[in-house]
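Remarks on the overall topology
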Amino acid sequence: MKATVKWVGDETFMGTSESGHIINMDANGGNLAPSPMENVLMSLGGCSSVDVVSILQKSRQDIRDVKVEISGNRVDTIPRVFSDIHLHFVVTGTEVNEKQVERAINLSADKYCSVAFMLNKSVKITHDFEIVNV
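Because the structure is predicted, anything quoted here is derived from the model rather than measured.

So, about the overall build of the protein chain. Within the protein chain one finds three helices and six strands. Helices and strands in the protein chain line up, N terminus first, as β-β-β-α-β-β-α-α-β. Along the three orthogonal principal directions, the C-alpha set of the protein chain runs to about 50 × 35 × 25 Å. Per-residue burial over the protein chain gives 30% buried out of 134 residues. Restricting to contacts in the protein chain with at least 6 residues of sequence separation, those with at least 24 account for 53%. Positive and negative side-chain charges in the protein chain, numbering 13 and 17 respectively, have mean positions lying 8 Å apart.

Spatially, β4-β5-β6 is the arrangement adopted by the three strands of the open sheet, whose pairing is mixed. With partners counted over all chains shown, the strands left at the sheet margins are β4 (62–74) and β6 (124–133), one partner each. Neighbour to neighbour, the strand axes of the sheet diverge by 15° on average, direction disregarded. Relative to β6, strand β5 (residues 82–94) runs parallel, the two sharing ten bridges. Its bridge partner being in β6, H86 is matched across the sheet by T126. The sheet strands contacting helix α1 (residues 36–58) are β4, β5 and β6, and the helix crosses β5 at an angle near 35°.

Quick look at the pattern of salt bridges now. Enumeration over the complete set of coordinates arrives at two salt bridges. The partner of R64 in a salt bridge is D62, and the shortest N-O contact between them spans 3.1 Å. Judged by relative accessible area, D62 falls into the partly exposed class, the value being 34%. Residues K67 and E69 are paired through a salt bridge, measuring 3.5 Å at the closest nitrogen-oxygen approach. Note on K67: relative accessible area 43%, which makes it partly exposed. On the basis of relative accessibility, which here comes to 39%, the residue E69 falls in the partly exposed class.

Taking 1.5 Å per residue, 23 residues should reach 33 Å; α1 reaches 33 Å between its end C-alpha atoms and fits that length. Those residues of α1 that sit buried are N39, L41, L44, G45, C47, S48, S49, D51, V52, I55 and L56. Close packing links the buried residues of α1 with β3 (22–26), β4, β5, α2 (98–112), α3 (114–119) and β6.

The next thing to look at is the sheet that holds β3. Spatial ordering of the open sheet is given by β1-β2-β3, a layout of three strands whose pairing is antiparallel. Sheet topology places β1 (3–9) and β3 at the edges, where each strand pairs with a single neighbour. Between one strand axis and the next, the sheet turns through 25° on average, direction left out of account. For strand β2 (residues 12–17) and β3, the ladder comprises five bridges, and the chain directions are antiparallel. Of the residues in β3, the one forming a bridge with T12 is D26.

Each value, and the rule that gives it
Residues numbered from 1 in each chain as written. Predicted model: local features only at pLDDT ≥ 70, side-chain atom pairs only at ≥ 80, totals over all residues. Heavy atoms only, no water. Helix = DSSP H or I, 4+ residues; strand = E, 2+ residues; numbered from the N terminus. Buried < 20%, exposed > 50% of the residue type's maximum accessible area, 1.4 Å probe, protein only. Contact = heavy atoms within 4.5 Å. Lys, Arg positive; Asp, Glu negative; His and termini not counted. Charge placed at Lys NZ, Arg CZ, Asp CG, Glu CD. Pairing = 2+ DSSP bridges. Axes fitted to C-alpha atoms, helices over the stretch in contact; angles between N-to-C directions. Salt bridge = Lys/Arg side-chain N within 4 Å of Asp/Glu carboxyl O. Expected span 1.5 Å × (residues − 1).

In structure tokens form, the structure reads like this:
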């Protein structure tokens, strides 16, 4: 897997993935685009969400929506790495089984999400969830 990041002016950068997808980043606190650290949070949320949706679908849960709200705290010293990250999953569906949601999130966190595995080496990652039945 490869990618490139190109400086496009001021504190703005353009990342291009090997598959040709583009993402803009802003080093200036995310004024024009997400900052690289915001992208880390979104990557973790995306990776986990892919797993959770797939596992819930395979367990025949009638899900309509899955959203994850991610919050991260950073240390005050340089480099300003994350000290802890919390993922709050909101799963919407009909008669969604609480045990299946808990299982899906745990499998993602403990077995499948590559981003979480990399971050777990230095960041405390926690998660919880709520189910909205429709």
